Amino acid sequence: QVRLVESGGGLVQAGGSLRLSCAASGSDFSDLIMGWYHQAPGKQRELAAVIHPSGRTNYADSMRGRFTISRDNAKNTVSLQMNSLKPEDTGVYYCNAVSVGPGYASNFWGQGTQVTVSS
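Source: prediction; values computed, not measured.

(A) A look at the overall build of the chain. When you go through the chain residue by residue, the secondary structure sums to 0 helices and 11 strands. Start at the N end of the chain and walk to the C end: the helices and strands fall as β-β-β-β-β-β-β-β-β-β-β. Expressed along its principal axes, the backbone C-alpha trace of the chain runs to roughly 45 × 25 × 25 Å. Looking at the chain residue by residue over its 119 residues, the buried ones come to 42%. Counted over contacts in the chain with a minimum sequence separation of 6, partners at least 24 positions apart contribute 54%. When the accessible surface of the chain is summed, it comes to about 6,200 Å², and 47% of that surface belongs to carbon and sulfur atoms. Averaging the positions of the 10 positive and the 8 negative side-chain charges in the chain gives two centres separated by 2 Å.

Below, the structure is given as structure tokens:
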């Protein structure tokens, strides 16, 4: 079982920046695939960024070049630096952890943190 607690959301003007953080506990963090998902109002939750145990990253097309995901295995945290924010970035951001083993993959979610970008 993995427990995830997000922080860092808030209200920001378009063009501004925010940094989200997620603290994980309950598992070997360095083995987890960590990600951030974005759920815009009235829409489905979608992947924003992911970072693998190797450090390899991937981003949604709309966020590539503006968002940066990073992890600190010593502190069991994953962060999402969001720059040049746009109103369409508004929504709830969820931290996600995937634990992969022989024949299984388990997903864990944080409670979400609200990001509102005003135009």
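(B) Here's a closer look at the pairing of strand S8 (residues 77-82). Sheet topology note: the strand S3 (residues 18-25)/S8 ladder contains 6 bridges and is antiparallel. Within S8, the residue paired with Leu-20 across the bridge is Leu-80. Looking at chain direction, strand S7 (residues 67-72) and S8 are connected through 6 bridges and run antiparallel. Looking across to S8, one finds that Arg-71 is bridged to Val-78.

(C) Structural view of the sheet that holds strand S1 (residues 3-7). With antiparallel pairing, the 4 strands of this open sheet are ordered in space as S1-S3-S8-S7. Edge positions in the sheet fall to S1 and S7, since each has one partner strand and no second. Mean inter-strand twist for the sheet, computed between neighbouring axes without regard to direction, equals 15°.

(D) Spatial organisation of the packing of aromatic side chains. For the structure on display, the rule yields 2 aromatic pairs. Note on Tyr-37 and Trp-109: the rings are 4.9 Å apart at their centroids and 70° apart in plane angle, and the pair reads as edge-to-face. Note that Tyr-37 is positioned in strand S4 (residues 33-39) and Trp-109 in strand S10 (residues 104-109), a separation of 72 residues in sequence. Taken together, a centroid distance of 6.5 Å and an interplanar angle of 90° make the contact between Tyr-94 and Trp-109 edge-to-face. You can see Tyr-94 sitting in strand S9 (residues 91-101) and its partner Trp-109 sitting in strand S10, a full 15 residues away along the chain. Given the relative accessible area of 13%, Tyr-94 is considered buried. Directly above the ring of Tyr-94 sits Arg-45, whose terminal nitrogen or CZ lies 3.6 Å from the centroid. Sitting over the face of the ring of Trp-109, Arg-45 holds its NZ or CZ atom 4.6 Å from the ring centroid.

(E) Broad picture of the pattern of salt bridges. Going through the model one piece at a time under the given rule, you end up with 2 salt bridges. The salt bridge partner of Asp-61 is Arg-64, with a shortest N-O separation of 2.8 Å. In this structure, Arg-66 engages Asp-89 in a salt bridge whose closest nitrogen and oxygen atoms are separated by 2.8 Å. Residue Arg-66 is found in the loop between strand S6 (57-59) and S7, and its partner Asp-89 is found in the loop between S8 and S9; the two are separated by 23 residues along the sequence. One exposure class covers both Arg-66 and Asp-89, and it is buried.

Parameters at a glance
- Residues numbered from 1 in each chain as written.
- Predicted model: local features only at pLDDT ≥ 70, side-chain atom pairs only at ≥ 80, totals over all residues.
- Heavy atoms only, no water.
- Helix = DSSP H or I, 4+ residues; strand = E, 2+ residues; numbered from the N terminus.
- Buried < 20%, exposed > 50% of the residue type's maximum accessible area, 1.4 Å probe, protein only.
- Contact = heavy atoms within 4.5 Å.
- Areas by Shrake-Rupley, 256 points an atom, 1.4 Å probe, with all protein chains shown as cover.
- Lys, Arg positive; Asp, Glu negative; His and termini not counted.
- Charge placed at Lys NZ, Arg CZ, Asp CG, Glu CD.
- Pairing = 2+ DSSP bridges.
- Axes fitted to C-alpha atoms, helices over the stretch in contact; angles between N-to-C directions.
- Phe/Tyr/Trp six-rings, centres within 6.5 Å; stacked < 30°, edge-to-face > 60°.
- Lys NZ or Arg CZ within 6 Å of the ring centre and 35° of its normal.
- Salt bridge = Lys/Arg side-chain N within 4 Å of Asp/Glu carboxyl O.

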